[in-house]
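Secondary and tertiary structure notes
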There are 2 protein chains.
Amino acid sequence: MKNTKLQAFIPLFYLVWSDDHLTQKEFATLKEFIVSKTGISVEDQDFLLSKIDISNPPSRNELAQWKSDIEKIIQNKPFIKSVFELAGALSEKDSDIYVSESDFLQLENDLGILGEEVIQNFKTKANSFTANSQTTSNFDIQKITALLDGREAAIIKKVKSVISRPEFAYETSTDIHVFRETVYKWCKILADENLGNMAYPKQYGGGENIADYFAIMETLSYHDLSLVIKFGVQFGLWGMSVQSLGTEKHYAKYLKDIGSLKLPGCFAMTETHHGSNVKGLETTATYNHNDQTFTIHTPNKNAQKEYIGNAAVHGQMATVFAKLIIDDHDYGVNAFVVPLRDSNGKVVDGVTIGDCGHKMGLNGVDNGTISFDQVKIPKENMLDRFASVNEKGEFESPIPSDNRRFFTMLGTLVGGRIGIPRSALAAAKSGLTIAIRYSDQRRQFGPEGGAEVPILNYRMHQRRLLPPLAKTYAVHFALQYLTNRFLNKTEAEMQEIEALAAGMKSYSTWSTRDILQECREACGGKGYLSENRIDALKNDTEIYTTFEGDNTVLMQLTAKNRLSEFRKSFGEMGSLGIINYVYENAKTAISEKNPIATRKTDEEHLLDGEFHLQAFVHREKTILASAARRIKKLVDSGLEPYDAVNVVQHQMIDVSQAYLERVVLEQFQKAIETIEDQQVKNILQKLNQLYALSQIEKNKAWYLEDGYMEAVKTKAIRKMVNQLCWDIRPDAVALVNAFDIPESCLAAPIAAL
Amino acid sequence: MKNTKLQAFIPLFYLVWSDDHLTQKEFATLKEFIVSKTGISVEDQDFLLSKIDISNPPSRNELAQWKSDIEKIIQNKPFIKSVFELAGALSEKDSDIYVSESDFLQLENDLGILGEEVIQNFKTKANSFTANSQTTSNFDIQKITALLDGREAAIIKKVKSVISRPEFAYETSTDIHVFRETVYKWCKILADENLGNMAYPKQYGGGENIADYFAIMETLSYHDLSLVIKFGVQFGLWGMSVQSLGTEKHYAKYLKDIGSLKLPGCFAMTETHHGSNVKGLETTATYNHNDQTFTIHTPNKNAQKEYIGNAAVHGQMATVFAKLIIDDHDYGVNAFVVPLRDSNGKVVDGVTIGDCGHKMGLNGVDNGTISFDQVKIPKENMLDRFASVNEKGEFESPIPSDNRRFFTMLGTLVGGRIGIPRSALAAAKSGLTIAIRYSDQRRQFGPEGGAEVPILNYRMHQRRLLPPLAKTYAVHFALQYLTNRFLNKTEAEMQEIEALAAGMKSYSTWSTRDILQECREACGGKGYLSENRIDALKNDTEIYTTFEGDNTVLMQLTAKNRLSEFRKSFGEMGSLGIINYVYENAKTAISEKNPIATRKTDEEHLLDGEFHLQAFVHREKTILASAARRIKKLVDSGLEPYDAVNVVQHQMIDVSQAYLERVVLEQFQKAIETIEDQQVKNILQKLNQLYALSQIEKNKAWYLEDGYMEAVKTKAIRKMVNQLCWDIRPDAVALVNAFDIPESCLAAPIAAL
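Throughout this description, residue numbers start from 1 for each chain and increase along the sequence as written. Labels follow written order: the first chain is A, the first ligand is 1, and so on. Confidence filtering applies because this is a predicted model: local features only for residues at pLDDT of at least 70, side-chain atom pairs given and counted only at 80 or more, and all residues used for totals across whole chains, interfaces and linings. Only hydrogens and water are removed before side-chain values are computed, so all heavy atoms of the structure are retained for them.

1. Here's the deal with the packing of helix H12 (residues 210–220) of chain B against helix H17 (residues 459–487) of chain B
All names here are of chain B. Between N-to-C directions, angles span 0 to 180 degrees; the directions come from axes that are lines fitted to C-alpha atoms, helices contributing only their stretch in contact. Strands are runs of DSSP state E lasting at least 2 residues, helices are runs of H or I lasting at least 4, and numbering of each runs from the N terminus. It is at 10 Å that the axes of H12 and H17 come closest, and there the two elements cross at 150 degrees. By the angle class used here, H12 and H17 are roughly antiparallel. H12 and H17 meet at a crossing whose hand is right-handed. Where H12 approaches H17, its residues Ile210, Ala211, Phe214 and Glu218 are matched on the opposing element by His476, Thr483, Phe486 and Leu487. Three categories are distinguished: nonpolar for Ala, Val, Leu, Ile, Met, Phe, Trp, Tyr, Cys and Pro, charged for Asp, Glu, Lys and Arg, and polar for the others, with Gly belonging to the last. Here the residues of the contact of H12 with H17 sort into five nonpolar, two polar and one charged. What sets the label is the angle itself: under 35 degrees gives roughly parallel, over 145 gives roughly antiparallel, 65 to 115 gives roughly perpendicular, and the rest give oblique. We call a crossing left-handed when the near helix sits turned anticlockwise from the far one by less than a right angle, and right-handed when that turn is clockwise. Whether two residues touch is decided by their heavy atoms; if any such pair falls within 4.5 Å, the residues are in contact.

2. A few points about the packing of aromatic side chains
Residue and element names in this part refer to chain A. Pairing of aromatic side chains requires ring centres within 6.5 Å, counting the rings of Phe and Tyr and the six-membered ring of Trp. Pairs whose planes differ by under 30 degrees are stacked, by over 60 edge-to-face, and all others tilted. Following the criterion strictly, the structure yields 48 aromatic pairs over all chains and no others. With a centroid separation of 6.4 Å and 50 degrees between ring planes, the pair formed by Phe616 and Tyr691 is classed as tilted. Residue Phe616 is found in helix H25 (residues 609–636), and its partner Tyr691 is found in helix H28 (residues 678–698); the two are separated by 75 residues along the sequence. Here the aromatic cluster, defined as three or more aromatic residues joined through ring pairs, consists of Tyr213, Phe214, Phe231, Phe235 and Phe486. Definition used: whenever NZ (Lys) or CZ (Arg) falls within 6 Å of the ring centre and also within 35 degrees of the ring normal, the charge is taken to sit over that ring. The ring of Tyr507 has Lys471 lying over it, and the distance from NZ or CZ to the ring centre is 5.0 Å.

3. Side note on the environment of B:Pro201
Residue and element names in this part refer to chain B. Tracing the sequence through the fold places Pro201 in the loop between helix H11 (176–192) and H12. Sequence spacing of Pro201 and Ala474 is 273 residues, and the spatial spacing of their C-alpha atoms is 33 Å. Residue contacts for Pro201: discarding those within four places in its chain leaves Gly206, Glu208, Gln243 and Leu255.

4. Regarding the relation of the copies chain A and chain B
Relative to chain B, chain A is turned by 180 degrees and slid 0.0 Å along the rotation axis, the superposed coordinates differing by an RMSD of 0.1 Å. What the rotation and shift describe, once combined, is the action of a two-fold rotation axis. Scanning chain A for the C-alpha nearest the rotation axis identifies A:Ala701, at a separation of 2.1 Å. A shared binding surface is used by both copies, with 100% of the interface residues of chain A retained as interface residues in chain B. Only residues with pLDDT of at least 70 in both copies contribute their C-alpha atoms to the least-squares superposition of the copies.

5. Re the sheet that holds strand E8 (residues 368–372) of chain B
Residue and element names in this part refer to chain B. By the convention used here, strands pair only if DSSP detects at least 2 bridges between them. Strands sit in the order E4-E8-E7 across an open sheet of three strands; the sheet is antiparallel. Of all the strands in the sheet, the pair left with one neighbour each is strand E4 (305–308) and strand E7 (351–355). The mean angle between the axes of side-by-side strands here comes to 25 degrees, regardless of whether they run parallel or antiparallel. Here E7 runs beside E8; their pairing, made up of five bridges, is antiparallel. Looking at the pairing, Ile353 lines up with Ile370 of E8.

6. A few points about a negative patch on the surface
Residues forming no salt bridge and having over 30% relative accessible area are the ones grouped into patches, like charges within 9 Å of each other and nonpolar side chains (Val, Leu, Ile, Met, Phe, Trp, Tyr) within 5 Å. All accessibility values rest on the Shrake-Rupley procedure with a 1.4 Å probe; residue burial counts only the protein chains present in the view. Each reported salt bridge corresponds to a side-chain nitrogen of Lys or Arg within 4 Å of a carboxyl oxygen of Asp or Glu. For the purpose of counting charges, residues Lys and Arg are taken to be positive, whereas Asp and Glu are taken to be negative. His and the chain ends are not included. For this purpose, a charge sits on NZ of Lys, CZ of Arg, CG of Asp or CD of Glu. Residues A:Asp602, A:Glu603, A:Glu604, A:Asp608 and A:Glu610 make up a contiguous surface patch of negative charge. Using a relative accessible area of 53% as the deciding quantity, one classes A:Glu603 as exposed. Whether a residue is buried, partly exposed or exposed follows from its accessible area with a 1.4 Å probe, protein chains only, as a fraction of its type maximum: under 20%, in between, or over 50%, in that order.

7. Focus on the UniProt feature "domain: Acyl-CoA oxidase/dehydrogenase middle" (unreviewed entry) in chain A
UniProt positions are given in the numbering used here, feature names are shortened, and annotations may be inferred rather than shown by experiment. In the numbering adopted here, UniProt assigns the feature "domain: Acyl-CoA oxidase/dehydrogenase middle" (unreviewed entry) to residues 266–375 of chain A. Between the end C-alpha atoms of residues 266–375 of chain A there is a gap of 17 Å, over a span that is 0% helix and 45% strand.

8. Concerning the pattern of salt bridges
Residues and elements named next belong to chain B. Summed over all chains, the structure comprises 74 salt bridges over all chains. The partner of Lys376 in a salt bridge is Asp291, and the shortest N-O contact between them spans 2.6 Å. Placement of the pair is Lys376 in strand E9 (residues 375–378) and Asp291 in the loop between strand E2 (284–288) and strand E3 (293–297), with a sequence separation of 85 residues. With relative accessibility at 47%, the residue Lys376 sits in the partly exposed group.

9. Some points on H11(B)
Residue and element names in this part refer to chain B. Multiply 1.5 Å by the residue count of a helix minus one, and that product is the helix's expected span. An ideal rise of 1.5 Å per residue puts 24 Å on 17 residues; H11 measures up with 24 Å between its terminal C-alpha atoms. Within H11 the residues assigned to the buried category are Ile176, Phe179, Arg180, Thr182, Val183, Trp186, Cys187, Ile189, Leu190 and Ala191. Backbone geometry just after H11 places Asn194 at a positive phi near 60 degrees.

10. A closer look at the domain arrangement of chain A
Residues and elements named next belong to chain A. Where each domain starts and ends follows an automatic or database-derived domain assignment. For chain A, the assigned domains are domain 1 (4–123), domain 2 (165–413) and domain 3 (417–751). A straight line from the C-alpha centre of domain 2 to that of domain 3 covers 33 Å. At the junction of the two partners, domain 2 supplies 21 residues and domain 3 supplies 35 residues. Take the accessible area each of two parts loses on contact, using a 1.4 Å probe, and add the two losses: that sum is the buried area. Interface area, domain 2 with domain 3, both sides summed: about 2200 Å², of which 63% is carbon and sulfur. For domain 2, the biggest contributors to the area lost against domain 3 are Phe214, Glu218 and Tyr222; these three give 33% of the whole. If you look at where domain 2 meets domain 3, you find two salt bridges. N or O atoms closer than or at 3.5 Å make up a polar contact, with two conditions inside protein: a donor-capable atom paired with an acceptor-capable one, and, for residues adjacent in sequence, both atoms drawn from side chains. The tally of links between domain 2 and domain 3 comes to five residue pairs in polar contact (both at pLDDT 80 or more). Listed by contribution, the elements that provide at least two residues to the side of domain 2 that touches domain 3 are helix H12 (210–220), helix H13 (225–245) and helix H15 (402–412). With six residues, H12 is the largest single contributor of residues to the side of domain 2 that touches domain 3.

Below, the structure written as structure tokens:
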């Protein structure tokens, strides 16, 4: 430029041309400004106006020159803080330019330019903290693995070594017939390794170790999930139904062959029209006095057995649930062993098998339908632990109520509601391992002039993956607790444990559903390719929220149990119970809901485990009492109880949710208390805090409505969640590596070490 | 019983034995009670105690007898309201029993029995309102269809008739090679019907009708989504890149053959290491002065083109995005037409094609990778609308900034961000049609003694499906609006429309993701079978949240646009702008945030559209201003702008979310204003209210934190959402039928009429 003073305009020109279109409005603003500066000669004004001619933009070279001029100045004069100072420096007369600082600021304002941001953008970016965050190692990974595996370490190690063998290479055929045979073959290998019969009594060849059986299910879930479900159908559902509902004669006859997979079988409960409401099953087992047999029959198409695993191809027998009829009298649902195929695979007369065909996932499992047309079975095929027909052809049972008996039978099968959430947990671990390892390596965008940055350094990405990581750790310990409760159960605890299992099954499988969704999206296009396995993990576990009990229905079961425990505790407290309860609650509320507590936002408080647990417990208690009151009020006002429960159905889910969250937090806290290694303890403490605070954040509307927290506190919690994510990020890869999933099982190329 | 007075105990015995285990505690309570009643003889006491012997429960027949005794009494004496009255009636001495009413109530309390509920349970249940809700028809379905189709009704009808032909029967093979050929064949039929070239200029055989093109994309989405994407890759991405980035010579040479599918092609932008950050692409196009050619080259494995549709099998050419290099100088990313295969399908020398293989969905689309090893193309293959190399071998462009030019090029391709959300919307409509029809027919559970009830009558099921239905209608009108804005755009509006398209693409595809998840779970096991098509809908649309721009990245783009508009509006307002803005906002806040407004819960207010829009606008404005302030504060405090944006990344998503929700609500409201038919208007009004209130409910934590609403109001809104779901339920089937999806496309057996 002829007049060096004009150089002062370079930053403005560069900014209007490079960042945005030069709009009519910008042009008008700049023109007005230039023309109004009477100190500039008309010639110079024309020159300046020529640089903002919409129809004749500056050339690429001119733009590059401007940029380089600006960068040079900023590099040489690091004190420059504003566009005005920059302009002065460029004019080579330092601040002796045509315009006053306030005029210039007004112009910047009119053009929508943020001065300081502009200057920052021209500086070389070396000190970006976003760019600098990276994976480090702050603890001994193996110590965490040992903690997670606990007493089951030996069997876990064995299973991992089996599924890492070459013959367990993933099946890539999309032909379901091929896939089903591969999975069957895998099951056979596991049976040969004595893994299938682990829970059966020793006298029938089993390992008599239920804890190990659950650990096997969970560890197998690092491999193909069709394998896990096929395994679970055969050794869990089919075998355990014989063991739990049958008696000695059935054990002797079947258990060994079931455990060796010589006798593949099914668990035939669900019917087309009866999934959740299994009490309404319509298949009949009619007793024939003349030859002491039962006739198994499917009265209509909608009473056919549906989705039955092992039915379409391999099953030779099935535990069939059917209404027992003696002399036209209905004795409720009971269980019978019914042959389906001979050992050559030929379907027996009277049985019709359908194939459920291709499914969203689990295509290695041969789900099918089964119909019975007057199929006769001998009397001893009735699984008669809880009910039987005596020699005189009379019904006998130690449990008089049909309803009660049926739910007792179902109660013995609750193990499935421990195996499934543990399998779901393993799938979440696999997904997180893949997504977190990838996000640590995948780079995208970066500071101006700097290298691209691992996407795990971005806040949204951390928010997507790290609270789920914390939750996965938390659920791990809660499922360990559930398992231990189940293994050491007393009769009196059964209902509570069944309700806990129903709830944890929902909690864990929904958690896995959400986590794998985040993992898929967090891996972008790579997450969509089947080779990276999120496809299989996600689609296979999709049905986990439905089978072994629909989650929404199970959550209501859990809630009903909580409500009935609540009522009982009133009973136990005597008639003053409810008054005392309300009084006690009010006391707590007063101490925890004072203005200081509801607004407390210091870091020590927000990270305090006692605060977390109190907040969870308060929520649990309050929601439970409120739901109980509401149902009572509705019934009092004349509603049918059935309608009243429907009205509060939404709240019932909250009752369970709040209960389960409290259990999960509590068990995670207890597990951490036992840890001695300080580094391990530190990192798990952080995960625990992240779990607690991200749950509170999720539920913050409730806390605000309740008055337990004020806005200043919920906002501080949001910031703390962000901070914890940031603090945990460097350890994230180590934390997923601690799951110790065999590399051959992970298999995803994007997760390769 | 010998002593009829003892009959008074029947209800208690029945209740403790039938509903629950008789626990030790219950036994002790009852025993203490019986023994304490000195009026009862020892003999009678022994008799009573024999009925609560844990080791000797009553027989099934005895239980049945008790139940029948109770039912008979209750039927004969409908005035009975308590267990005490029931006991009296049973003793045949009416209230002359051994115990006082207060003693009895105490006992009930100790046993945890809710008297009134018990009595209700014994009554015949005929008046359950849950059971009585059912599908009705309150409006003319075809009028809604006509409203939805609007001016595109003719082309929609044509497309529906084509995809209902027998040759469009769904491909059931799981072999991706078979599937890909089927989809290619379908595309050929659509091209023959002149549907592919609908957007191209008439002089090249096209229909010159972009509105129709979008309607075709959306309507095709009722059929297989692989078809839609293959169609979109060929006629949209490949064809439109030639049309938007090329000039006359390219149109003449290619457009006709593209439109007829004689020349299948690709859109090769994404590279393995550059998905979101496409500015960083590494493929080079080096200009050769000697023979006036370009050399296209892939410098390293991670710079290969990835996920490219049509690449693995069918593509003969591709629009390749590459950095233009002239004399070692980098002129930024530009576009070039590069041959991949000859017309016999043989890959040309220097090109290497990979196959992305099996994917989570869209397996009818042949995605592949492409690498170039020094592939020479003639100079005229540069798509030269925005940049070219002149005869002297010099770079020329009307847009000097490389950055600006590249984003201008991308801007011309924004149509994809309209086609994809509209396709996603159609998939949500299909899913909802299947799930709502099924839920209207599927029955499970019911009132005591009554028939089972359609699952759509349950609150949780309504909450799962009906707010999504409302949202789907809302998004429909918002996407119509987006399309109209795009079709009538002026230069000045382009950035705003691009930002809106980016945002609506995310909003609609995330909405579809969530809706199809609910649909799958709402259909239980049936929803898992591929035959019911939620599998395909869900897995095919899974990648919609990633391709055409990762949703999280797009939401940040939209937010950045909102922030820059916000800054500009300050600029336009002059330096007092921000003060005025804050002042105006404060005024609104005062009028809308007074204690009466924040606590107002009357029905008229809660259902008022003006209240809804005000609440949405307030949220939008407040979040935007807060994010702007926060970024400024962070930068002022010395943070790199790149880091500052990362710190608030979470809020940036909220900025976009709040903006999009406001647009969606506003457009739905505007569409309803134009409706004349009162019945149609009524039901859409309800849907609109449900959309508005369920969004407010979702965001209620924000409203509570902000002080715009108090707990009493957010709680009332929750109830109103429940009520609206209940009110809309009878119309739900009609509302999905109004989407008018061809039955052959729905195809799901569970959705059959």
